[in-house]
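# Coordinate analysis (summary)
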Amino acid sequence: MDRRLCRVHWCGVMEGDCLSCMKYLMFIFNFFIFLGGCFLLTVGVWVLLDPMGFGEIVAANPLLFTGVYVVVALGSLLFLLGFLGCCGAIRENKCLLLLFFMLILFIFLSELAAAILAFLFREHLTRDYFSRELKRRYLGHNSTEVFSSTWNAIMSTFDCCGVSGPKDFEESFFRLRNHNKLVPEACCQRNLGDAGVEQCVSSSVAFTHNKGCYSAVVDYFETYIFTAGALAIVVLTIELFAMVFAMCLFRGIQ
């Protein structure tokens, strides 16, 4: 009888220790989810606040425009869910844990769906796609139309010209509208003066930025793109573990 009581007591102690360990692991994972949500929310808001003219870049492409708002929405949900999961773990509240599990599962599946859609529509972000759109829709340096003003902001910010280079404006709608101009003023180097700009747009390649904007933007954001991709994988892994710990803790709470 004493042995049986000791065994029951020992099992109870072990179960309590496992539950306590699970609770704090759950808290840790949710804290990282909270931080991931803060990061995504910060990036999305940063782009929308337009610190370097990126708001116009986003607005010109419906896919990017939608993507930024998806990032903001997911960041907000992860922010709230991290907080919810931490509270549910510390307070050992089964209702909060179940709600957390259902919501984090929904977000997990949504992120996987977004990744699949991004892979399927990746051709919309290629060099050829942007070249076609530039030739077809760009109007000029002084245009207030969103697409044209976006490209003007890109070329001025990154000191570049066209998608692959100044030759992108050959046989373009811009050339049809401006027969005396080879490139728009946004392709010219800074501080040239009126005479220099006139030479730049009409004949001289010496005053023109020869680097394409596609390479310039990709080079600028390359580190951030890989960092964001690695962080996304980490966030998905953390979410998966958080769901497992949430269910284990839910089942362990009496």
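All of these numbers come straight from a predicted model, not from anything done at the bench.

Check the secondary structure of the protein chain and you find nine helices and zero strands. Along the protein chain, helices (α) and strands (β) appear in the sequence α-α-α-α-α-α-α-α-α when read from the amino end. Put simply, the protein chain has 254 residues, and 34% of those count as buried. Partitioning the intrachain contacts of the protein chain with sequence separation of at least 6 by distance along the chain shows that 67% fall at a separation of at least 24. As displayed, the protein chain has an accessible area near 15200 Å², and 68% of this comes from carbon and sulfur atoms.

As enumerated under the stated definition, the model contains three disulfides in all. Bridging Cys160 to Cys213, the disulfide has an S-S length of 2.0 Å. Torsion about the S-S bond of the Cys160 and Cys213 cystine: about 95 degrees, corresponding to right-handed handedness. Of the two residues, Cys160 is situated in the loop between helix H6 (146–158) and helix H7 (173–177) and Cys213 in helix H9 (residues 213–252); the sequence distance between them amounts to 53 residues. For Cys160, a relative accessible area of 0% puts it in the buried group. Covalently, Cys188 is tied to Cys200 through a disulfide, its sulfur atoms 2.1 Å apart. Note on the Cys188 and Cys200 pair: the S-S dihedral is about -105 degrees, so by sign convention the disulfide is left-handed. With Cys188 in the loop between H7 and helix H8 (193–202) and Cys200 in helix H8, this pair connects stretches of sequence that are 12 residues apart.

Moving on: the UniProt feature "transmembrane region" (unreviewed entry) in the protein chain. The sites that UniProt annotates as "transmembrane region" (unreviewed entry) are residues 24–48, 68–90, 97–121 and 224–250. From the first C-alpha to the last, residues 24–48 spans 36 Å; its make-up is 100% helix and 0% strand. Here residues 68–90 is 100% helix and 0% strand, with 33 Å between the C-alpha atoms at its ends.

With respect to the secondary-structure elements, Lys181 resides in the loop between H7 and H8. A polar side-chain atom of Lys181 sits 2.8 Å from a polar atom in the side chain of Glu185.

Applying the stated rule across the entire model yields three salt bridges. Between Glu133 and Arg136 there is a salt bridge, and its shortest N-O distance comes to 2.9 Å. Taken together, the positions of Glu133 and Arg136, both in helix H5 (residues 127–137) and three residues apart, correspond to about one turn of that helix. Overall, the relative accessible area of 13% leaves Glu133 in the buried class. Look at Arg136 and you get exposed, because its relative accessible area is 54%. For Glu133, the salt bridge identified is with Arg137, shortest N-O distance 3.3 Å. With Glu133 and Arg137 both in helix H5 and four residues apart, this pair spans about one turn of that helix. Residue Arg137 is classed as partly exposed on the basis of its relative accessible area of 29%. Several salt bridges converge on common partners, so that one network encompasses Glu133, Arg136 and Arg137.

About the thresholds
- Residues numbered from 1 in each chain as written.
- Predicted model: local features only at pLDDT ≥ 70, side-chain atom pairs only at ≥ 80, totals over all residues.
- Heavy atoms only, no water.
- Helix = DSSP H or I, 4+ residues; strand = E, 2+ residues; numbered from the N terminus.
- Buried < 20%, exposed > 50% of the residue type's maximum accessible area, 1.4 Å probe, protein only.
- Contact = heavy atoms within 4.5 Å.
- Areas by Shrake-Rupley, 256 points an atom, 1.4 Å probe, with all protein chains shown as cover.
- Disulfide = S-S within 2.5 Å.
- UniProt positions renumbered as here; feature names shortened; annotations may be inferred.
- Polar contact = N/O pair within 3.5 Å; in protein donor to acceptor, adjacent residues only side chain to side chain.
- Salt bridge = Lys/Arg side-chain N within 4 Å of Asp/Glu carboxyl O.

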